[in-house]
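Read off the chains here:
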Amino acid sequence: MESLGLRLSEEELNLMKEAGYSKKAIRLYVNQTNVGKLTHPDAVSTFFGPCGDLIRLYLKIKNNRIESAKFFYLGCPGAAAAASAMTNLLTGKTLDEAKKITEEDILRELEDLPKSKHDCLKLSIKSLEKTIQEYEEIKSNLKKI
């Protein structure tokens, strides 16, 4: 598999399959789906997971609806795939709808992820929660001015 510079050897691809990554999870990881920085984001936050992985989530929000979402990450393929799936799910959702996205929703979007990587689902959800919370706090404080 090949994409915007991320390449897996046949051996790496087979290792990911043997570990339990679905074809879709591998594709999201290899294609670096939604990895990047948004220009002039309305919300941005970084969350460090207990495993040492991190996600910086960027959101463009208009009329309380997420128009686009991108992220940077430092971590494993599971973190990248989970964050890619999460950002796919976010696009077009209101903030209230986004708050209701669960680990199970992300896992369903991925089609499968090794059980040992389910903490990556939690990392994505925590990143989302933190970003929305900080955005809403800023908006609330601006209304007070």
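Structure report, in brief. (Residues numbered from 1 in each chain as written. Predicted model: local features only at pLDDT ≥ 70, side-chain atom pairs only at ≥ 80, totals over all residues. Heavy atoms only, no water.)

What about the overall build of the protein chain?
Right, on to step 1. Looking only at helices and strands, the protein chain has six helices and three strands in total.
Right, on to step 2. Put simply, the protein chain runs from its N terminus to its C terminus through helices and strands in the order α-α-β-β-β-α-α-α-α.
Right, on to step 3. Relative to its length of 145 residues, the protein chain is compact, with a C-alpha radius of gyration of 15 Å against a globular reference of 15 Å.
Right, on to step 4. With respect to the three principal axes, the spread of C-alpha positions in the protein chain is 60 × 30 × 25 Å.
Right, on to step 5. When burial is assessed residue by residue, the protein chain has 42% of its 145 residues classed as buried.
Right, on to step 6. Charge centroids of the protein chain, computed over 23 positive and 21 negative side chains, lie 6 Å from each other. (Helix = DSSP H or I, 4+ residues; strand = E, 2+ residues; numbered from the N terminus. Rg over C-alpha atoms; globule rule 2.2 N^0.38 Å. Buried < 20%, exposed > 50% of the residue type's maximum accessible area, 1.4 Å probe, protein only. Lys, Arg positive; Asp, Glu negative; His and termini not counted. Charge placed at Lys NZ, Arg CZ, Asp CG, Glu CD.)

Examining unusual backbone geometry
Right, on to step 1. Unlike most non-glycine residues, Asn63 shows phi in positive territory, near 55°.
Right, on to step 2. Note on placement: Asn63 falls in the loop between strand 2 (54–62) and strand 3 (65–74).
Right, on to step 3. Using a relative accessible area of 72% as the deciding quantity, one classes Asn63 as exposed.
Right, on to step 4. Phi angles above zero are rare outside glycine, and Asn64 is one such case at about 65°.
Right, on to step 5. As for its placement among the helices and strands, Asn64 is situated in the loop between strand 2 and strand 3.
Right, on to step 6. For Asn64, a relative accessible area of 39% translates into the label partly exposed.

Notes on the pattern of salt bridges
Right, on to step 1. Tallied over the entire structure, the rule returns eight salt bridges.
Right, on to step 2. Between Lys130 and Glu134 there is a salt bridge, with the nearest N and O atoms lying 3.5 Å from each other. Of this pair, Lys130 and Glu134 both sit in helix 6 (residues 119–144), four residues apart, which is roughly one turn of that helix.
Right, on to step 3. On the accessibility criterion, Lys130 (28% relative accessible area) is partly exposed.
Right, on to step 4. On the basis of relative accessible area, Glu134 is assigned to the partly exposed category, the value being 27%.
Right, on to step 5. In the salt-bridge network here, residues are joined through shared partners; they are Asp96, Lys99 and Glu136. (Salt bridge = Lys/Arg side-chain N within 4 Å of Asp/Glu carboxyl O.)

Some points on the sheet that holds strand 1 (residues 43–48)
Right, on to step 1. Strand order in the open sheet formed by three strands is 1-2-3, with antiparallel pairing between adjacent strands. A strand with exactly one partner marks an edge of an open sheet, and here the two such strands are strand 1 and strand 3. Within the sheet, the average angular offset between the axes of one strand and its neighbour, ignoring direction, is 20°.
Right, on to step 2. Sheet strands touched by helix 6: strand 1 and strand 2. Its angle to strand 1, the strand with the most contacts, is close to 140°. (Pairing = 2+ DSSP bridges. Axes fitted to C-alpha atoms, helices over the stretch in contact; angles between N-to-C directions. Contact = heavy atoms within 4.5 Å.)

Comments concerning the packing of aromatic side chains
Right, on to step 1. The full count for this structure, using the stated rule, is two aromatic pairs.
Right, on to step 2. Plain terms: the ring middles of Tyr58 and Phe72 are 6.1 Å apart, the flat faces sit at 80° to each other, and that makes the pair edge-to-face. Taken together, the positions of Tyr58 in strand 2 and Phe72 in strand 3 put the pair 14 residues apart, joining distant regions of the chain.
Right, on to step 3. By relative accessible area, which is 4% here, Tyr58 ends up buried.
Right, on to step 4. Exposure remark for Phe72: the relative accessible area of 38% places this residue in the partly exposed category.
Right, on to step 5. Ring centres of Phe71 and Tyr73 lie 6.0 Å apart, and the angle between their planes is 45°; this geometry places the pair in the tilted category. (Phe/Tyr/Trp six-rings, centres within 6.5 Å; stacked < 30°, edge-to-face > 60°.)

Here's the deal with the pairing of strand 1
Right, on to step 1. Here strand 1 runs beside strand 2; their pairing, made up of six bridges, is antiparallel. Bridging across to strand 2, Thr46 finds its partner in Arg56.
Right, on to step 2. A loop of five residues connects strand 1 with strand 2, the two strands running antiparallel in sequence, and Gly52 in this loop sits at a positive phi of about 100°.

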